[in-house]
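Read off the chains here:
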Amino acid sequence: MPNAVTPGRDPVADTQRTAGMVLSYVTRMGVSSAIVEAMSETRDVRWLGTKEASAMNLITDPLRVP
């Protein structure tokens, strides 16, 4: 199958729609919209440090180290 794109579909519009749904979901969960920007900066896995994750509201109750 040389082309996996459905005829008549706009892959750019599909990507923008998906990004919008992700943004809507994370903001409803109380996470900073900056996470979507961080996700789109690379195709590789991007590990967030504690400070960065906390600033994006991904950490709501940090673990206490005894």
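Above: the structure in question.
Residues numbered from 1 in each chain as written. Predicted model: local features only at pLDDT ≥ 70, side-chain atom pairs only at ≥ 80, totals over all residues. Heavy atoms only, no water.

Draft legend 1. How the structure looks around helix 1 (residues 11-28). Between its first and last C-alpha, helix 1 extends 26 Å over 18 residues, near the 26 Å set by a 1.5 Å rise per residue. Measuring from the side-chain oxygen of the N-cap residue of helix 1 to the backbone nitrogen of Val 12 gives 3.1 Å; that N-cap residue is Asp 10. Just beyond helix 1, the residue with positive phi is Gly 30, at close to 85°. (Helix = DSSP H or I, 4+ residues; strand = E, 2+ residues; numbered from the N terminus. Expected span 1.5 Å × (residues − 1). Polar contact = N/O pair within 3.5 Å; in protein donor to acceptor, adjacent residues only side chain to side chain.)

Draft legend 2. Fine view of the layout of surface pockets. If you add up the space inside the largest pocket, you get close to 180 Å³. Along the walls of the largest pocket sit Thr 15, Thr 18, Ala 19, Val 22, Val 36, Met 39 and Ser 40, which together make up its complete lining. Elements that contribute at least two residues to the lining of the largest pocket include exactly helix 1 and helix 2 (34-40). When residues in the lining of the largest pocket are grouped by element, the largest group, four residues, is from helix 1. Split into classes, the residues belonging to the lining of the largest pocket amount to four nonpolar, three polar and no charged. (1 Å grid on protein atoms, 1.4 Å probe; cavity = no way out; pocket = protein on both sides within 12 Å on 5 of 7 lines; lining within 4 Å. Points joined across faces, edges and corners; volume = space filled by probe spheres on them. Nonpolar A, V, L, I, M, F, W, Y, C, P; charged D, E, K, R; others polar.)

Draft legend 3. Structural detail: the pattern of salt bridges. The tally for this structure, following the rule as stated, stands at four salt bridges. Two residues, Asp 14 and Arg 17, come together in a salt bridge whose shortest N-O distance is 2.6 Å. Linking Asp 14 with Arg 17, this pair stays in helix 1, spanning three residues, or about one helical turn. We classify Arg 17 as partly exposed; its relative accessible area is 48%. (Salt bridge = Lys/Arg side-chain N within 4 Å of Asp/Glu carboxyl O. Buried < 20%, exposed > 50% of the residue type's maximum accessible area, 1.4 Å probe, protein only.)

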